[in-house]
Amino acid sequence: MNLKVPRGVNSLMLSLITVVLVLTLPGLAAQVRVNPSAPELGDTLSVVLESVTSGTQPTVTWKGKTYPMFAIGPNRMRVLLPTTPLDQPGTQSLQVNDGTQVQNLTVQLRDRDFPTQSIWLPPDKEELNGTDYEFDRVDAFKALVTPEKYWKGPFLRPNAGEITTIYGVRRYYNGDFAEDYYHRGVDYAGGMGSPVVAPAAGRVALVGRESEGFEIHGNTIGIDHGQGVASILIHLSRIDVKEGDFVQAGQVIGAVGSSGASTGPHLHWGLYVQGQSVDPVPWRSATID
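Cut-offs used in this document
- Residues numbered from 1 in each chain as written.
- Predicted model: local features only at pLDDT ≥ 70, side-chain atom pairs only at ≥ 80, totals over all residues.
- Heavy atoms only, no water.
- Buried < 20%, exposed > 50% of the residue type's maximum accessible area, 1.4 Å probe, protein only.
- Helix = DSSP H or I, 4+ residues; strand = E, 2+ residues; numbered from the N terminus.
- Arc of directions from axis to C-beta.
- Contact = heavy atoms within 4.5 Å.
- 1 Å grid on protein atoms, 1.4 Å probe; cavity = no way out; pocket = protein on both sides within 12 Å on 5 of 7 lines; lining within 4 Å.
- Points joined across faces, edges and corners; volume = space filled by probe spheres on them.
- Nonpolar A, V, L, I, M, F, W, Y, C, P; charged D, E, K, R; others polar.
- Core = buried A, V, L, I, M, F, W, Y, C linked by side-chain atoms within 4.5 Å.
- Pairing = 2+ DSSP bridges.
- Axes fitted to C-alpha atoms, helices over the stretch in contact; angles between N-to-C directions.
- Phe/Tyr/Trp six-rings, centres within 6.5 Å; stacked < 30°, edge-to-face > 60°.
- Lys NZ or Arg CZ within 6 Å of the ring centre and 35° of its normal.

Time to look at helix H3 (residues 132–142). Three or more residues of H3 are buried, namely Glu134, Val138, Phe141 and Lys142. On an axial view of H3, the arc spanned by its buried residues comes to 95°, and they lie on one face. For H3, exposure combined with an orientation more than 90 degrees from the buried face picks out Asp132 and Asp136. Lining the buried residues of H3 we find strand S15 (202–208), strand S16 (219–226), strand S17 (229–239) and strand S20 (267–273).

Given below as structure tokens:
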């Protein structure tokens, strides 16, 4: 900005004028980017904040919950947000607090058709209700939000078997429709004992065994990928890792089985963001990194 100094104005007064001008300039809000631009039910939203003010802790409020953002580069922070088949499509509000200002945004969440499937459990598994121990451990695992980001690049297919059930399928169990249920992952029809690999790097934060009360999930491995992202792999016949191990993408961690509430050998891979099950398919590309 160039100032034309009137005759007789000394340097001290010029300094005062400059300070007043700087103090009265409106603050510039940090730039927000939301991807994908046209999400559909089951997608993961990536909210990136550019030009973050040093020392602030930005947050995002989405569907009534407030989430912290994490650094992903110099002056860049991000939070990943879940959508599910149980959400209402349409205009959704998003509030970004960059530590100095609040920006209110809207996201158009598109509808999506999910198929319906009938499952008939055998008599010995029809009455399985799960145990408090099992659900408490799984819930605690899904609630993890580790500030570090462990994964890099696209996630890998955890088993070479054919995909038999996609994400989001609604189900009838032994003839009864499960109202609040949707298939929280992808099923792979790998042969009994075929290898299961880590879909991405992370820390093994959950190992559960059918013999210890994991009646529904069966033999289970949970991997914390960091920043609220987690994989759970269930119905295993073998577990090759222990809690606390750090695994790399593609590392063999167990084998396909039919433990827990399963009708036959297969691997169920569930991907969770902020404790909610999201579609893993977009994570198989490099769009979320």
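The subject of this paragraph is the layout of surface pockets. One number sums up the size of the largest pocket: a volume of about 1,000 Å³. Counting residues per element, the ones that place at least two in the lining of the largest pocket are helix H2 (123–126), H3, strand S10 (163–165), strand S11 (170–173), S17, S20 and strand S21 (276–278). Ranked by residues supplied to the lining of the largest pocket, first place goes to H3 with four residues. Residues of the lining of the largest pocket, tallied by class, amount to 15 nonpolar, 14 polar and seven charged.

This part covers the nonpolar core. Ranked by size, the top nonpolar core spans 27 residues in total, and within it Phe155, Ile221, Val229, Ile253 and Trp283 carry the most contacts. Contact partners of Phe155, with chain neighbours within four places excluded, come to Pro199, Ala200, His225, Val229, Ser231, Trp269, Leu271, Trp283 and Arg284. Core analysis: the next-biggest nonpolar cluster, separate from the first, contains 16 residues, Val60, Trp62, Tyr67 and Val96 among them.

A few words on the pairing of strand S4 (residues 65–68). Successive residues of a regular strand alternate their side chains across the two faces of the sheet. With four bridges connecting them, strand S3 (residues 59–62) and S4 associate as antiparallel partners. Residue pairing across strands places Thr61 opposite Thr66, the latter belonging to S4. Taking the residues that link successive antiparallel strands as the turn, the S3-S4 hairpin has two residues, and the phi of Lys63 there is positive, at about 55°.

Sheets are built from strands paired through backbone hydrogen bonds, the pairs being either parallel or antiparallel. In space, the four strands of this open sheet follow the order S4-S3-S7-S8, with antiparallel pairing throughout. Strands with a single pairing partner mark the edges of an open sheet, and in this sheet they are S4 and strand S8 (102–109). The mean inter-strand angle of the sheet, taken between neighbouring strand axes irrespective of direction, is 25°. With four bridges joining them, S3 and strand S7 (residues 90–97) adopt antiparallel strand pairing. The residue bridging Thr59 from the neighbouring strand is Asn97, located in S7.

A full pass over the atoms with the stated rule returns eight aromatic pairs. Note on Phe114 and Tyr167: the rings are 6.4 Å apart at their centroids and 75° apart in plane angle, and the pair reads as edge-to-face. In this pair, Phe114 sits in the loop between S8 and strand S9 (116–119) while Tyr167 sits in the loop between S10 and S11, placing the two residues 53 residues apart along the sequence. Residues Phe114 and Tyr167 agree in their burial class; the two are buried. Aromatic side chains Trp151 and Trp283 sit 5.6 Å apart centroid to centroid with 65° between the ring planes, which places their arrangement in the edge-to-face category. Remark: Trp283 occurs in the segment after S21 and Trp151 occurs in the loop between H3 and S10; sequence separation between them is 132 residues. Each member of the pair Trp151 and Trp283 is classed as buried. Members of the aromatic cluster, joined through ring pairs, are Phe114, Tyr167 and Tyr182. The aromatic ring of Trp151 is capped on one face by Lys149, whose charged end is 4.7 Å from the ring centroid. The aromatic ring of Tyr182 is capped on one face by Arg184, whose charged end is 4.0 Å from the ring centroid.

Mapped onto the fold, Thr116 is located in strand S9. For the pair Thr116 and Arg170, spaced 54 residues apart in the sequence, the C-alpha separation amounts to 4.7 Å.

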